[in-house]
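Read off the chains here:
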Amino acid sequence: MDDYPALSVFWSMLWFFLWIMWLFLLFKIITDIFRDHEMSGWGKAGWLIFVIILPFLGVLIYVIVRGKGMTERDVKQAKENEAALQSYIRKTAGTSSAGGSHVDELARLVELKDKGALSEAEFQQAKTKLLA
């Protein structure tokens, strides 16, 4: 390893890392171009050609000019994904935002029975109806 010193290995690894990082940024920018619904088709084509023909300069200019919009679209997408996940969890768990779950209804029935608003027979009938 005398012909390839440690500093050369370090520089090679650094350049390789920067190249991989640039590739990730390039793919992120290309997906952002197609994800932006406010940009026209000609605008998308122009940015795509610019990023492909002059890759390093195009990526740098895109991040400078449209970086804030990229962040806003990422945040919006994350919020939509979170809302969809929460909706799926609620639907799967059997709870609804309007009526509550069976457990909530049963707890309400027990509370009414404890207050004396329901007799034992009414409580048993409502419980049977709820659990059926």
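Above this text sits the structure in question.
This structure is a prediction, so every number in the text was calculated from the model and none was measured. (Residues numbered from 1 in each chain as written. Predicted model: local features only at pLDDT ≥ 70, side-chain atom pairs only at ≥ 80, totals over all residues. Heavy atoms only, no water.)

### Overview of the overall build of the chain
Rules: Under the DSSP-based scheme used, a helix requires at least four consecutive residues in state H or I and a strand at least two consecutive residues in state E, with every element numbered from the N terminus. Computation of the radius of gyration draws on C-alpha atoms, with the globule rule given as 2.2 Å multiplied by the number of residues to the power 0.38. Note on classification: 1.4 Å probe, protein chains only; a residue is buried when its accessible area is under 20% of the maximum for its type, exposed when over 50%, partly exposed between these limits. Charge counting treats Lys and Arg as positive and Asp and Glu as negative, with His and both chain ends excluded. Where a charge sits is defined by one atom per residue type, namely NZ (Lys), CZ (Arg), CG (Asp) or CD (Glu).
Tallying secondary structure elements over the chain gives 5 helices and 0 strands in all. Ordered by position from the N terminus, the helices and strands of the chain form the series α-α-α-α-α. The C-alpha atoms of the chain give a radius of gyration of 29 Å, which is well past the 14 Å a tight globule of 132 residues would have. Along the longest, intermediate and shortest principal axes, the C-alpha atoms of the chain span 90 × 50 × 25 Å. A burial count over the chain gives 17% of its 132 residues as buried. Taken together, the 15 basic and 15 acidic charged side chains of the chain have centroids lying 7 Å from each other.

### Notes on the pattern of salt bridges
Heads up, the condition is: Whenever Lys or Arg places a side-chain nitrogen within 4 Å of a carboxyl oxygen from Asp or Glu, that contact is recorded as a salt bridge.
Enumeration according to the criterion identifies 9 salt bridges in this entry. Among the salt bridges present, the one from Asp-74 reaches Arg-35, with a minimum N-O distance of 2.7 Å. Here Asp-74 is found in helix α3 (residues 55–93), whereas its partner Arg-35 is found in helix α1 (residues 6–35), with 39 residues between them in sequence. Owing to a relative accessible area of 24%, Arg-35 belongs among the partly exposed residues under this scheme. It is possible to trace a salt-bridge network through shared partners that takes in Lys-28, Asp-32, Arg-35, Asp-36, Arg-66, Arg-73 and Asp-74.

### Notes on the packing of α1 against helix α2 (residues 41–53)
To keep things clear, this is the line we draw: Axis definition: a line fit to C-alpha positions, over the contact stretch in the case of helices; interaxial angles, taken between N-to-C directions, run 0 to 180 degrees. In these notes the angle categories are as follows: under 35 degrees is roughly parallel, over 145 is roughly antiparallel, 65 to 115 is roughly perpendicular, and the rest is oblique. Throughout, a crossing is termed right-handed when the near helix is turned clockwise from the far one, and left-handed when it is turned anticlockwise from it by less than a right angle. Any two residues whose heavy atoms approach within 4.5 Å are treated as being in contact. Any residue outside Ala, Val, Leu, Ile, Met, Phe, Trp, Tyr, Cys, Pro, Asp, Glu, Lys and Arg is labelled polar, Gly included; the first ten of those are nonpolar and the last four are charged.
It is the contact of α1 with α2, at a shortest axis distance of 9 Å, that shows an interaxial angle of 170°. Relative to α2, α1 is oriented roughly antiparallel. Considering how the two elements wind past one another, α1 and α2 form a crossing that is left-handed. Between α1 and α2, the contacting residues are Leu-26, Ile-29, Ile-30, Ile-33 and Phe-34 on the first element and Lys-44, Trp-47, Leu-48 and Val-51 on the second. Split by residue class, the contact of α1 with α2 holds 8 nonpolar, no polar and 1 charged.

That is the geometry; function is a separate question.
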